[in-house]
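# Working through the structure, step by step
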Amino acid sequence: METTSGAVAQAPAAEGGQQVPSARRTVDGYLQAPFPWYGLDEAFTGPRWLMQVGTSADGAVEHGSIGHGDEPSVKNEAGSTGESKEKFAVVVTVAANPSRRSADGTGLLEATSVSSAAWLAGVGLLSFTWPGQMDHSLRDDWLDQQTETAWVLADDLEGSDWSTLSLPVDGVPTPFHYRESEFGWVLAGSTQEGVHVGAYGRGMSAYGLGFAMIEDISAYA
């Protein structure tokens, strides 16, 4: 799958359940991005909150996430087998970059693609998931395995695991690759503004969502 080295290395930290508390998340990294950020459109009237940005090997901001709805905890972390009552959707924006040299000229940064957005969204959903009755000591192994599975799925967007869903992006019907699992749903597509958009969620139907460019990300601070 084509994605940036930094995106791969930082995805679990950027999307993970052990991220910094909301009060300490800042808008600084988002403001450094040379691309527009996306979130749910104005039809969504619930809470919105910053998560984390991810950077490439040369320090450039490559992707980041905006949360909507309930701030998710790790599902089944306490060993409960009941369904999570949290309702959330996270929108991941990924810069559409070609393959290029790193700033110091010592390496090659791989291109980003819709698959990059699909993988980051898939890993993001996993980071808030804990299978019922799983021992804490086994979760890392499970997460590694599922992360690899998310990579394989994202690398085959035309495969049978994905369906096509049309959702509005800045008011324009846009095709997305979409899949559901026992943990929630994941989707990914591209915008006319030069970025790829991924999303994941649980408790909120993906079928009624719309996406729009965020005019003023500093309003989230």
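Residues numbered from 1 in each chain as written. Predicted model: local features only at pLDDT ≥ 70, side-chain atom pairs only at ≥ 80, totals over all residues. Heavy atoms only, no water.

This part is about the overall build of the protein. Check the secondary structure of the protein and you find 4 helices and 11 strands. Residue burial in the protein is summarised as follows: out of 221 residues, 52% are buried. A separation threshold of at least 6 residues defines the contact pool for the protein, and within that pool the share at least 24 residues apart is 64%. Accessible area for the protein stands at about 10,400 Å²; split by element, carbon and sulfur atoms hold 49% of it. (Helix = DSSP H or I, 4+ residues; strand = E, 2+ residues; numbered from the N terminus. Buried < 20%, exposed > 50% of the residue type's maximum accessible area, 1.4 Å probe, protein only. Contact = heavy atoms within 4.5 Å. Areas by Shrake-Rupley, 256 points an atom, 1.4 Å probe, with all protein chains shown as cover.)

On the surface, Asp155, Asp156, Glu158 and Asp161 cluster together into a patch of negative charge. Note on placement: Asp155 falls in the loop between helix H4 (136–154) and strand S7 (163–169). Owing to a relative accessible area of 46%, Asp155 belongs among the partly exposed residues under this scheme. (Patch = residues over 30% accessible without salt bridge, like charges linked within 9 Å, V, L, I, M, F, W, Y side chains within 5 Å. Salt bridge = Lys/Arg side-chain N within 4 Å of Asp/Glu carboxyl O. Lys, Arg positive; Asp, Glu negative; His and termini not counted. Charge placed at Lys NZ, Arg CZ, Asp CG, Glu CD.)

Counting 59 residues, the largest nonpolar core has Tyr30, Trp37, Leu187, Tyr200, Phe211 and Ile217 as its most contacted members. Among the elements that take part in this core, helix H3 (residues 114–127) stands out by supplying 9 residues, more than any other. With near-sequence residues (within four places) excluded, Trp37 lies in contact with Tyr30, Val53, Val61, His63, Gly64, Thr93, Ala212, Met213, Ile214 and Ile217. (Core = buried A, V, L, I, M, F, W, Y, C linked by side-chain atoms within 4.5 Å.)

Structurally, the position occupied by Ala150 is in helix H4. Remark: the alpha-carbon pair of Ala150 and Gly122, spanning 28 residues in sequence, is separated by 5.7 Å. The contacts of Ala150, once residues within four sequence positions are left out, are Trp119, Gly122, Leu126 and Arg179.

One pass over the structure, following the stated rule, counts 7 aromatic pairs. Centre to centre, the rings of Phe88 and Tyr200 are 6.5 Å apart; their planes meet at 80 degrees, and the pair counts as edge-to-face. Pair noted here: Phe88 is in strand S4 (residues 88–95) and Tyr200 is in strand S10 (residues 195–202), with a separation of 112 residues, a long-range link. You can call Tyr200 buried: its relative accessible area is 0%. For the pair Phe176 and Phe211, a centre-to-centre distance of 5.3 Å together with 40 degrees between the ring planes defines the contact as tilted. With a gap of 35 residues between them, Phe176 in strand S8 (residues 172–181) and Phe211 in strand S11 (residues 211–213) connect regions that are remote in the sequence. Of the two residues examined, Phe176 and Phe211, each falls in the buried class. Ring-pair connections join several aromatic residues into one group, and the members of that group are Tyr30, Phe35 and Trp37. (Phe/Tyr/Trp six-rings, centres within 6.5 Å; stacked < 30°, edge-to-face > 60°.)

Another aspect to go through is H3. With 14 residues, H3 ought to run about 20 Å at 1.5 Å a step, and its terminal C-alpha atoms sit 20 Å apart, in line with that. Counting buried positions along H3 gives 14 out of 14 residues, so the element sits mostly inside the fold. Residue Ser113 occupies the N-cap position of H3, its side-chain oxygen lying 3.2 Å from the main-chain nitrogen of Ser115. (Expected span 1.5 Å × (residues − 1). Polar contact = N/O pair within 3.5 Å; in protein donor to acceptor, adjacent residues only side chain to side chain.)

Next up on the list: unusual backbone geometry. Even without being a glycine, Asp170 presents a positive backbone phi close to 55 degrees. Relative to the helices and strands, Asp170 resides in the loop between S7 and S8. Assessed through its relative accessible area of 38%, Asp170 is described here as partly exposed.

It is worth spelling out the confidence of the model for the protein at this point. Per-residue confidence for the protein averages 79 on the pLDDT scale, and 75% of its residues sit at or above 70. Here residues 1–24 is modelled with pLDDT under 50, and outside its nearest four sequence neighbours on either side it reaches 65 contacts, counting other chains as well. (pLDDT = per-residue confidence, 0-100.)

Let us look at the environment of Thr174. Turning to its location among the elements, Thr174 is positioned in strand S8. Sequence-wise, Thr174 and Thr191 are 17 residues apart; in three dimensions their C-alpha atoms are separated by 7.8 Å. Within polar-contact distance, the side chain of Thr174 engages the backbone oxygen of Val172 at 2.9 Å.

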